[in-house]
Amino acid sequence: EIPFPNDIATRPDPASPTGLRLDASLIAPTQLERNLRGQLDTLDGFGTFAPITVAFDKDLDVLDLYNRQNNADPRDDGVYLVDLATGNLTPLDFNGGHFPYTVNDPGQYFLNDPNTNAFNLLFPVTGPSANFLHPELPHETLREQADDLLTFYERATRTLILRPVVPLAQEHKYAVVLTNKGRGTDGKPIVSPHAGINHSAQTAELQPLLARLPGSGRLEDIACAWAFTTQSTTRYLESIRRGLY
């Protein structure tokens, strides 16, 4: 229902290293799920190397977005991931080959497995998702299906999947920025679901954003933005080391 990760899904906690805790509902149909949600609520932020997802109500022009994100000019990108403390831009993988999605030795996993010999275990290997660079050319082999797999967008749910190429800094606040250069297949630029470019609860924390964007950083270029905070990962280990020394 919201882009994820997102500080909208947290609550203030002054005892937390980040000042936040995740706020997952404890209401669930099974005790297992309730226990898991309770454990989630002990986290003080989101993953430092986890994918970022945002869903749309119409299809994205994934080929145009792929070309923008993989050229040498960051000023025409459709998506940015910005460290609000330092202004550093984190590179994102758009079918750049940084993450393996295929297996080297496909085979049968169970009796009558319908996907026997499929190289990919996560995304569809048939239809337009399989060969997004050249949808007019159908795949002839399973190896081609694996090589041309669309890994940053799930067509079934119109969900953009952003994966940081390098781990994010712990206990930092990041902004995800979608610019109006990203477009749907109808040619129209993407727009925010809010009255403004962001949820009103995040206006203050997104205030440093304009000074951090490449180029002129014009407000009118931003279609939508949201913020999230990364969790503490080595804080306790560092405390233990300081105590030992």
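An account of the accompanying structure is given in this report.

What counts, and where the lines are drawn
Residues numbered from 1 in each chain as written. Predicted model: local features only at pLDDT ≥ 70, side-chain atom pairs only at ≥ 80, totals over all residues. Heavy atoms only, no water. Phe/Tyr/Trp six-rings, centres within 6.5 Å; stacked < 30°, edge-to-face > 60°. Helix = DSSP H or I, 4+ residues; strand = E, 2+ residues; numbered from the N terminus. Buried < 20%, exposed > 50% of the residue type's maximum accessible area, 1.4 Å probe, protein only. Lys NZ or Arg CZ within 6 Å of the ring centre and 35° of its normal.

### Things to note about the packing of aromatic side chains
Ring pairs (aromatic) are described by centroid distance and by the angle formed between their planes.
Moving on, step 1. A complete count under the given rule lists four aromatic pairs for this structure.
Moving on, step 2. Ring centres 6.0 Å apart and planes at 50° place the aromatic pair Phe49 and Phe99 in the tilted group. Taken together, the residues span a long stretch of sequence, with Phe49 in the loop between helix H1 (31-40) and strand S3 (52-55) and Phe99 in the loop between strand S5 (92-93) and helix H3 (142-147) at a distance of 50 residues.
Moving on, step 3. Given a relative accessible area of 13%, Phe99 falls into the buried group.
Moving on, step 4. Seen in terms of ring centroids, Phe94 and Phe152 are 5.0 Å apart; in terms of plane orientation they differ by 50°. Their pairing is tilted. Highlighted residues: Phe94 in the loop between S5 and H3 and Phe152 in the loop between H3 and strand S6 (153-154), separated in sequence by 58 residues. Neither residue differs from the other here; Phe94 and Phe152 are each classed as buried.
Moving on, step 5. The cationic tip of Arg163 hangs over the ring face of Phe99; the distance from NZ or CZ to the ring centre is 3.8 Å.

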